[in-house]
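Observations on chain architecture
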Amino acid sequence: MISGAAIARVAAREAERFRTANPRALAHHAAAKGWFQSVPFHWMRDWPSPVPIVAASANDATLTSIDGQAYDDFCLGDTASLFGHSPPALAAALTRQASEGLSYMLPTERGAALSERLEAMFGLPQWQVTTTASEANRAVIRWSRGISGRAKILTFNGAYHGAVDDAFVDLKANAPVMRASLVGQVHDLRDTTTVIEFNDEDALAAALRGGDIACVLAEPIMTNVGMVRDAPGFLAALRRLCDETDTLLIFDETHTISSGFGGHAVTHGPAPDLMVVGKSIGGGVPCAVYGFTAEVADRMAALNASRPAGHSGIGTTLSANALAITAMDAMLSDVVTPAAYDHMLRGAARLVDGLEREIAAAGLDWHVTQVGARVEFLTCPVPPRNGGEAKAAMHPELEAAIHLFLANRGILLAPFHNMMLVSPVTGDDQIDRLVGAFADCVRALKE
């Protein structure tokens, strides 16, 4: 058991250590008065350090700050750089495209090749490109409502699907509530969003058999509240119930692409009707895709044919720009390969073994969860079965102290939870340094 006093002591000591080691970062934020809260996007304030680290450069799985600190990067842009920072094939392709134009609102030859690569990797025959996974999730929700004629969607408590308001409904005391993140939202989304707990097959069956839900939007494994794995048989039941009730099944694999080549659905099943993938397949260039079956494509085409010309309604002028197409084509042809996953999964297994060994040696009732190349430690004794249990098990002060301790020793974890990503260019030495620093942190917390 780690006491609150120990957590506070370590957090205070590590905050002072950070201030001493990062004077340029402190000066940067003091001078950045034009940015709201000193950062160009407010989520950057979610790091547990006194101020966010200011990045200077990154290559492979190492990030360097303006203070000259080198970090073993296990955050990797919260999966945007899952396959490493600036892979050579990507850098060369972007350099070439920069001299040929960045956005035309027209298709390119590389785009045709990319669509074939997407089908080969993810198994779906039809694709569209957006600028973010949030935009892609909004699009698939709207298409699902449009082709089904149903207004409601179903999501799972604690899920995250980007900046999509429809998914920001949670359960509190078993009742649906609008998430506090919905700043400025004046419409009650509970009329059109049904939310249940993950792995609750009975609640799923009851909700879908009402016949008014257009789609289920889900991650095959939840990744935003720690990691919540699917119970045995749950995803098969989800697929079966969607088929039974003519409900479209959407998998958001923006994060579960870590599971293996082709994502979780290809690696483990079942197959969705539509899927979304963002961030990592562009190597950090803003882009995302959504794919769908031939049957869904036919229904989408029929819906389009029923509307007046010029009312496409879904998308932005920057969607499928030439830079994004080139980035994804380079990544899927040269970087995101089965061999890359072999390295990632082997490294993740090494990390899991190391963390579990140190947790056992310290006598802690914590556990480690793995989703392919994605590893997370949770400071609770039993793996949560759903979002409600996962949120109840979180210990924000303890997790923040651990993150700051590791950052001060050159290890970056994702700031939102205890996620660690292993890339194709992450070295065993980096993994071993993370395990060693984690062990040192645990010892400091138990002093």
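Refer to the structure printed above.
A short tour of the structure in this document, coming up. (Residues numbered from 1 in each chain as written. Predicted model: local features only at pLDDT ≥ 70, side-chain atom pairs only at ≥ 80, totals over all residues. Heavy atoms only, no water.)

1. Notes on the side chain of S81
Put simply, the rule is: Strands here are runs of E lasting at least two residues and helices are runs of H or I lasting at least four, both read from the DSSP assignment and numbered beginning at the N terminus. Two N or O atoms form a polar contact when they lie within 3.5 Å of each other; inside protein one atom must be a possible hydrogen donor and the other a possible acceptor, and for residues adjacent in sequence the pair counts only when both atoms belong to side chains.
Tracing the sequence through the fold places S81 in the loop between β3 (70-73) and α3 (88-98). Polar side-chain contacts of S81 include one of 3.4 Å to the side chain of H85.

2. Quick word on the sheet that holds β3
Short version of the rule: A pair of strands is labelled paired if DSSP reports no fewer than 2 bridges between them.
A sheet is described by the order of its strands in space; here four strands give the open sequence β1-β2-β3-β15, paired in mixed fashion. Since the sheet does not close on itself, it has two edges, and those belong to β1 (55-59) and β15 (411-412), each with one partner. Both β1 and strand β2 (residues 62-65) contribute to a ladder of four bridges, which runs antiparallel. In the strand pairing of β2, A55 is matched with S65.

3. Structural notes on the sheet that holds strand β13 (residues 367-371)
Note: strands within a sheet are paired through backbone hydrogen bonds, in either parallel or antiparallel orientation. Here is the rule we go by: Lines are fitted to the C-alpha atoms to define the axes, a helix being fitted only along its stretch in contact, and any angle between axes, read from their N-to-C directions, falls within 0 to 180 degrees.
Spatial ordering of the open sheet is given by β13-β14-β16, a layout of three strands whose pairing is antiparallel. Among the strands making up the open sheet, the edge pair consists of β13 and β16 (419-421). The sheet shows a mean angle of 25° between the axes of neighbouring strands, taken without regard to direction. The pairing of β13 with strand β14 (residues 374-378) spans five bridges and is classified as antiparallel. In the sheet register, Q370 faces β14, and the bridge partner there is V375.

4. Focus on the environment of Q370
Our working rule: In what follows, residue pairs with any heavy atoms lying within 4.5 Å of each other are defined as contacts.
Along the chain, Q370 falls in strand β13. Put simply, Q370 and A70 are 300 residues apart on the chain and 26 Å apart in space, counted from C-alpha to C-alpha. Not counting residues within four places of it along the chain, the set of residues in contact with Q370 comprises M227, R229, L345, A348, A349, V352 and V375. A polar side-chain atom of Q370 sits 2.9 Å from the main-chain carbonyl oxygen of G372.

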